[in-house]
Amino acid sequence: MPISRQQIIIRVFRKYSHSLGPDELEFLEDVLEEHEISDEDVEMSIGLIAKEYNKQDDASMKVSLQILKRVYQALQGAGDQRSQKEDAYLDPEDHLHFIDAFDMPLWHWSPERGSFEKAAHRLTVTGTAESRILAIRDRLNIIKQTILRNEHFTPATIPNRDREHLLTLKSTKQLLGRAGERFLLFGMLIHSKEGKLCLEDLDGVVELDFSQLDQPSEGLFTEGSFALVEGDYTENATFSVIAVGHPPCESRETARSIFGHIDFLGKGATTPLEDTQHAVRIQRDFPNMNFFFFSDVWLDHPDTLKGLQKIFDNCIENNFIPKVIVLCGNFTSAGIAQGNSRDVQKYQDGFDALADLIAAYPLITQRTHFVLVPGPLDLAANALLPRRPLLAALTTRLRAKVPRLHLASNPCRLRFFGQELVVFREDTMARMLRNLVGVKPAARNEDLKRYLVQSILDQSHLSPFTTHIQPVLAEHDHTMRLYPLPTCVVLADKYDSYRMTYEGCHVFNPGRFVGRSLGFSTYTPATRESEACVVDLEAEN
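This report concerns the structure included in the present document.

Quick look at the overall build of the chain now. When its secondary structure is counted, the chain shows 13 helices and 19 strands. On C-alpha atoms alone, the chain measures out to a radius of gyration of 25 Å, which is about the 24 Å that the 2.2 N^0.38 rule sets for 541 residues. With respect to the three principal axes, the spread of C-alpha positions in the chain is 70 × 70 × 45 Å. With 541 residues in all, the chain has 52% of them scored as buried. Working note: accessible area of the chain is about 25500 Å², and carbon and sulfur atoms make up 49% of it. If you average the places of the 59 positive and of the 75 negative side-chain charges in the chain, the two averages end up 5 Å apart.

Either a parallel or an antiparallel arrangement is found when strands of a sheet pair, and the pairing is made through backbone hydrogen bonds. Spatial strand order, E12-E11-E10-E9-E18-E19: 6 strands in an open sheet with mixed pairing. Unpaired on one side and paired on the other, strand E12 (405-407) and strand E19 (529-536) mark the two borders of the sheet. Across the sheet, the axes of successive neighbouring strands diverge by a mean angle of 20°, strand direction being ignored.

Moving on to the sheet that holds strand E16 (residues 498-502). What the 6 strands build is an open sheet, ordered E1-E13-E14-E15-E17-E16; its pairing is mixed. Pairing within the sheet leaves two strands with one partner each, and these edge strands are strand E1 (96-100) and E16. Between one strand and the next, the sheet's axes are offset by a mean angle of 15°, whatever the strand orientation. As judged from the 5 bridges shared by E1 and strand E13 (residues 412-416), these two strands associate in the antiparallel manner. By the bridge assignment, Phe98 is partnered in E13 with Leu414. Running at roughly 45° to E16, helix H13 (residues 446-458) makes contact with strand E15 (488-492), E16 and strand E17 (505-509) of the sheet.

The full count for this structure, using the stated rule, is 24 aromatic pairs. Note on Phe291 and Phe416: the rings are 5.7 Å apart at their centroids and 80° apart in plane angle, and the pair reads as edge-to-face. Taken together, the residues Phe291 in strand E9 (residues 291-294) and Phe416 in strand E13 connect sequence positions 125 residues apart. An aromatic cluster is defined as three or more aromatic residues linked by ring pairs; in this entry it consists of Trp107, Trp109, Phe116, Phe259, Phe264 and Tyr483. Over the ring of Phe102 we find Arg388, and its NZ or CZ is 3.7 Å from the ring centre.

Residues Phe294, Ile311, Phe312, Phe331 and Leu398 are the most contacted members of the largest nonpolar core, which totals 34 residues. Within the residue set of this core, elements represented by two or more residues are E9, helix H8 (302-317), strand E10 (324-328), helix H9 (341-359), strand E11 (369-373), strand E18 (517-524) and E19. Here this core gets 6 residues from one element, more than from any other, and that element is H9. Not counting residues within four places of it along the chain, the set of residues in contact with Phe331 comprises Val297, Trp298, Leu299, Asp300, Tyr347, Phe351, Leu372, Val373, Pro374, Asp378 and Leu390. Within the second largest apolar cluster, 32 residues are counted, among which are Ile10, Leu28, Tyr53 and Phe259.

Attention now goes to a negative patch on the surface. Taken together, Asp23, Glu26, Asp30, Glu33 and Glu34 make up a surface patch of like negative charges. Turning to its location among the elements, Asp23 is positioned in helix H2 (residues 22-34).

Further remarks concern the pairing of strand E4 (residues 182-191). Most of E4 is tucked away, with 8 of its 10 residues classed as buried. Sheet topology note: the E4/strand E7 (residues 226-233) ladder contains 7 bridges and is antiparallel. When the bridges of E7 are listed, Arg182 appears paired with Asp232. Bridge count between E4 and strand E5 (residues 197-200): 4 bridges; the pairing is antiparallel. In the strand pairing of E5, Leu189 is matched with Leu199.

Below, the discussion takes up the state of the cysteines. One pass over the full model with this rule turns up 0 disulfides. For Cys488, which is in no disulfide, the shortest distance to another cysteine sulfur is to Cys505 and amounts to 6.5 Å. Given the relative accessible area of 0%, Cys505 is considered buried.

Relative to the elements of secondary structure, Ser171 occurs in the loop between helix H5 (129-149) and E4. Among the residues examined, Ser171 registers a relative accessible area of 11% and is labelled buried. When neighbours within four sequence positions are excluded, Ser171 is seen to be in contact with Leu185, Asp201 and Asp203.

Let's shift gears to the pattern of salt bridges. Within this structure, the stated rule accounts for 26 salt bridges. In this structure, the salt-bridge partner of Lys449 is Glu446, at a minimum N-O distance of 3.2 Å. Note that Lys449 and Glu446 are positioned in helix H13 at a spacing of 3 residues, about one turn of the helix. With relative accessibility at 5%, the residue Lys449 sits in the buried group.

Basis of the calculations
- Residues numbered from 1 in each chain as written.
- Predicted model: local features only at pLDDT ≥ 70, side-chain atom pairs only at ≥ 80, totals over all residues.
- Heavy atoms only, no water.
- Helix = DSSP H or I, 4+ residues; strand = E, 2+ residues; numbered from the N terminus.
- Rg over C-alpha atoms; globule rule 2.2 N^0.38 Å.
- Buried < 20%, exposed > 50% of the residue type's maximum accessible area, 1.4 Å probe, protein only.
- Areas by Shrake-Rupley, 256 points an atom, 1.4 Å probe, with all protein chains shown as cover.
- Lys, Arg positive; Asp, Glu negative; His and termini not counted.
- Charge placed at Lys NZ, Arg CZ, Asp CG, Glu CD.
- Pairing = 2+ DSSP bridges.
- Axes fitted to C-alpha atoms, helices over the stretch in contact; angles between N-to-C directions.
- Contact = heavy atoms within 4.5 Å.
- Phe/Tyr/Trp six-rings, centres within 6.5 Å; stacked < 30°, edge-to-face > 60°.
- Lys NZ or Arg CZ within 6 Å of the ring centre and 35° of its normal.
- Core = buried A, V, L, I, M, F, W, Y, C linked by side-chain atoms within 4.5 Å.
- Patch = residues over 30% accessible without salt bridge, like charges linked within 9 Å, V, L, I, M, F, W, Y side chains within 5 Å.
- Salt bridge = Lys/Arg side-chain N within 4 Å of Asp/Glu carboxyl O.
- Disulfide = S-S within 2.5 Å.

Here it is, written out as structure tokens:
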């Protein structure tokens, strides 16, 4: 049965917690008819009006016809101005930003306001007991509000038969005295002091019994991840699980339409409308612009510099200069022994050799931004996530010879116009597989890659573990969030290279720049996709 225009209008405004009266509904239908909007474009057009209405300071939950008309007129005027600016030159340098994790502002989720609130205090590395608890609560609340907004959990404004199949979340405190009944719970998977797997939410803890579950849904479940669990509460106060799954992932467009006014990165917020306009301009003005991504760039191996030299030669020969080159660690093939000055000197020599190599290509040196992201074995000021950039003392020659050098944190972010790219160097696959809980999936290779991507994005976090598995600085846990969903996530890992798009977010592992066949990846902002590349040194012999 096709959905009517009225139902679409009501559904779109309900996403922003707004309700429409008959007059407002009639006005919006008249606008659609006046502009001859096709059925396929109704949701997008109404979404644009709803977003702008939601930004008004005097907007109320019950939509006001007066404010609605004002928003419509403003959009009409903006359209006229936009047509005059369509051909204005856009300098990509003005819209390219490199964001260090320690420069990102902290936004807490406020259940009372149903929105984000910016932390007023100065962030510290040590944190407090309260900040550690608040970091976990923020993770839970951010995911929970996306669940409750999901169509499977949100009741329709117009009564219909689908209401009978609506999923309703319950709390652990609602289990008491209701043995034998079936519930759907949401919480964090943890182990109790007795070593039993439990689900914990804001109200309590319940022990899980997986004996009735043959196979979980797609994804990897670890201690510290949040899960939707369906099952029966038993007489012995355990929860017999019949189904478990990751929370649904909310697209970047949906999240940005609601929280587009919030500056999560600290570089100024852009509106979804501006992002759409910039996406068109990128495709038109910069169709061949590329970013290069490398992982495990072992500078203590001569083949590494040979491979980079071959790539630079090819770039110059074909007049194909990348806008950004991201080099992820580890920058050494082996760990550096504490206090071993010889190892440290060899480590620094690798960066000096890299500086000399880059400086030998003036065109690349002048035009390309180089970003260095530390890996697990690299020397940085701290070992916990997020990690500080490489020690400045080791990169003196690099900073002197490469003017567009960025010593980045791990993770770090790039913003290019309306696109957000997250770069994270960690052996995530191995850590996930070591810490699986419950019923472990019988998946291999390609399925594992897909499960990893789904799990990371569904959890809206780069490190969905408890702190004893993967310690994270409590007051900087927000830098590990993936909400709103980025445009692209680079999971640099020693695992096999892969690339896939999930819920509109492109995720790829660039591959290891190791051996005689050196792997790396290119990313094209115009298409928002990556491509695997290989430098074959064997062909030279």
